[in-house]
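Secondary and tertiary structure notes
One-letter residues, chain by chain:
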Amino acid sequence: MEDLLRSWDGEHVVVRYDQAAKAWIFIAIHSTRLGNASGGTRMKIYEAPRDGLQDALRLAEGMTYKWAGVDFPMGGGKAVIALSAPLADVERDRLLERYGELVETLGGTFSTGADLGVGPELVQVIGRETTHVFGVRGAGDPGPWTALGVFSAIEAVAEELYGSRDLKGRTVLVQGIGDVGIPLCKRLAGTGARLKIADVNEERAAAVAEELGAQAVDVGKTYAEPCDIFAPCAVGGVLNVDTIPQLRCRAVAGSANNQLERIEDADRLHERRILYAPDFIANAGGAVALCGLEALRMSEDYVAAKVLSITDTLKTIFAEAKAREESPYHAAMRWARKVLERGPA
Ligand code: PHE
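Residues numbered from 1 in each chain as written. Predicted model: local features only at pLDDT ≥ 70, side-chain atom pairs only at ≥ 80, totals over all residues. Heavy atoms only, no water.

Quick word on the environment of E326
Rules: Here a strand is any run of E in DSSP of at least two residues, a helix any run of H or I of at least four, and the numbering for each starts at the N terminus. Here a residue-residue contact requires only that any non-hydrogen atoms of the pair lie within 4.5 Å. Here a polar contact means two N or O atoms within 3.5 Å. Within protein one must be a hydrogen donor candidate and the other an acceptor candidate, and residues neighboring in sequence count only if both atoms are side-chain atoms.
With respect to the element layout, E326 can be found in the loop between α12 (310–324) and α13 (328–342). The residues touching E326, leaving out its near neighbours within four places in the chain, are H270, E320, A321, A331 and R334. For E326, the side chain forms a polar contact with the side chain of R334, separated by 2.7 Å.

This is how it looks when you write it as structure tokens:
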């Protein structure tokens, strides 16, 4: 863990070992340059606590750029609850309550909400012990908002590739049928796009495929599955030295955080002429809705317009990347860094 912390450029990490649940809690505060840190809480089983810390550090950094990308007065942070074994529901809820107490002691310097493994219902459990939680005062489930943003990103990609946002007849492969994947698939199904879905839970994928008239693909062959647009909506690190050569798509636009395993993977995609919608721009819809509705007092219409504007943001980023013959990732990072340098609006 020392190496991870030594090479991290963030501000600090709050660490707690929860004896009763045998779980490590890491709250990483990457940057408060634009405001108090905020980011979701991820809970899953990790092989080693170190892996949980690594996730927290990287995800917190991603949040810094996500908030900067939408120019919200929020800082980058993220929490990871690294479980060592599955927990019964009661123990899990007790753990989340104790975690809520910990968040409360931070006095609002970190606020949190849903993420992988902590769905909208579990956010309510955290909210029993702290007010610094998004998703309990009106915004509710951020999943459909994130999906709307990813849909906007897919439209930007289509416009860039084909000169039209129309998705009719285009094949979109959605990886991960969760709180974002499902609403995204539903939206896509309404456009006449051909839908393919892949999920580690193949039974679930088959059921959802049946319901939406989609094709469930063999998870083991996800990356090699031919499609026009690949939408990773599950775990991170899916774009890497092993998977990129397999891809048979023209673009990647999805909701997963930290899709690139390493920064060089952006260049690998670029070399393969696969258009990449940077994750922290494409997946900002949930963050915009949660924070916009519950902290910044924006109206639902305003939030919706802001989420839909992901299309225009990406068009600008794609144009800049094209002019410089580089991956859109670099253009998006320059955009976010400019906002961070300027400071809160
Ligand atoms: N975890 C989601 C994200 O990465 C939603 C979220 C955003 C939750 C901000 C809390 C705070 O965008």
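Some thoughts on the side chain of N258
Under the convention used in this document: Burial here depends on accessible area, computed with a 1.4 Å probe over protein chains only, as a share of the maximum for the residue type. Under 20% is buried, over 50% is exposed, and the range in between is partly exposed.
Looking at the element boundaries, N258 is found in the loop between β11 (251–252) and α8 (264–271). Taking the relative accessible area as the measure of exposure, N258 reaches 14% and is therefore buried. Residue contacts for N258: discarding those within four places in its chain leaves R58, L59, G62, G236, G237 and D279.

What to know about the site of the ligand
Filter applied, for reference: Think of it this way: one heavy atom of a residue within 4 Å of a molecule or strand is enough to make that residue near it. Only the protein chains shown count as cover for residues, and all accessible areas are computed by the Shrake-Rupley method using a 1.4 Å probe. Each residue gets one label: Ala, Val, Leu, Ile, Met, Phe, Trp, Tyr, Cys and Pro are nonpolar, Asp, Glu, Lys and Arg are charged, and the others, such as Gly, are polar. For the domain bounds, the source is a domain assignment made automatically or taken from a database.
Near the ligand lie 14 residues; those nearest to it are K66, K78, A114, D115 and N257. K78 has a polar side-chain atom sitting 3.2 Å from an oxygen atom of the ligand. Between the ligand and the protein, one listed contact pairs an oxygen atom with a side-chain N or O atom of N257 at 3.2 Å. A total of 310 Å² of accessible area belongs to the ligand in isolation, and the protein chains cover 94% of it. The biggest single contributor to the shell around the ligand is helix α2 (residues 49–69), with three residues. Of the residues belonging to the shell around the ligand, the class tally is five nonpolar, six polar and three charged. Counting contributing residues per domain, the shell around the ligand is built from domain 1 (2–64 + 74–126) and domain 2 (143–342), each supplying no fewer than three.

What to know about the domain arrangement of the chain
Condition: By buried area we mean how much accessible surface two parts lose on assembly, using a 1.4 Å probe and totalling the loss over both. Should a side-chain nitrogen of Lys or Arg be within 4 Å of a carboxyl oxygen of Asp or Glu, the pair is scored as a salt bridge.
What the domain assignment reports for the chain is domain 1 (2–64 + 74–126) and domain 2 (143–342). Between the C-alpha centres of domain 1 and domain 2 there is a distance of 24 Å. With 15 residues of domain 1 at the interface, the matching set in domain 2 holds 14 residues. Contact with domain 2 buries area across many residues of domain 1, yet R33, L34 and R58 alone supply 39% of it, more than any other trio. For the pair domain 1 and domain 2, the interface holds zero salt bridges. At five residues, α2 tops the list of elements feeding residues into the side of domain 1 that touches domain 2. Within the side of domain 1 that touches domain 2, the residues separate by chemical class into six nonpolar, four polar and five charged.

Focus: the sheet that holds strand β12 (residues 275–276)
Formally: The criterion for strand pairing is that DSSP finds at least two bridges linking the strands in question. In this analysis an axis means a line fitted to C-alpha atoms, helices contributing only their contacting stretch, and an angle means the value between N-to-C directions, from 0 to 180 degrees.
Reading across the sheet, the six strands line up as β9-β8-β7-β10-β11-β12 and stay open at both edges, with parallel pairing between neighbours. On the outer flanks of this sheet lie β9 (215–216) and β12, each paired with one strand and no other. Where strand β8 (residues 194–198) lies against β9, two bridges are found, and the strand directions are parallel. In the strand pairing of β9, I197 is matched with A216. The strands touched by helix α6 (residues 181–189) are β7 (171–175), β8 and β10 (229–232); relative to β7, the strand with the most contacts, the crossing angle is about 170°.

Thoughts on the environment of I182
For I182, the position within the fold is in helix α6. Separated by 51 residues in sequence, I182 and C233 place their C-alpha atoms 9.6 Å apart.

Focus on the pairing of strand β1 (residues 12–18)
Across a regular strand the side chains alternate sides, sitting on one face of the sheet and then on the other. Bridge count between β1 and strand β2 (residues 23–31): seven bridges; the pairing is antiparallel. If you follow V13 over to β2, its bridge partner there is A28. Turn length for the β1-β2 hairpin, with the two strands adjacent in sequence and antiparallel, is four residues, and the turn residue K22 shows positive phi of about 55°.

A short note on the packing of helix α5 (residues 143–162) against α12
Selection criterion: The scheme is simple: roughly parallel for angles under 35 degrees, roughly antiparallel for over 145, roughly perpendicular for 65 to 115, oblique for anything else. Whether a crossing is left-handed or right-handed is set by the direction in which the near helix is turned from the far one by less than a right angle, anticlockwise for left-handed and clockwise for right-handed.
In the contact formed by α5 and α12, the axes pass within 8 Å of each other and the chain directions differ by 40°. Comparing the axis directions of α5 and α12 gives the class oblique. Our pair here, α5 against α12, has a crossing hand that is right-handed. Residues G149, S152, A153, E155, A156, V157, E159 and E160 of α5 form the contact with α12, whose own contacting residues are I310, T311, L314, K315, F318 and K322. In terms of residue class, the contact of α5 with α12 is made up of six nonpolar, three polar and five charged.

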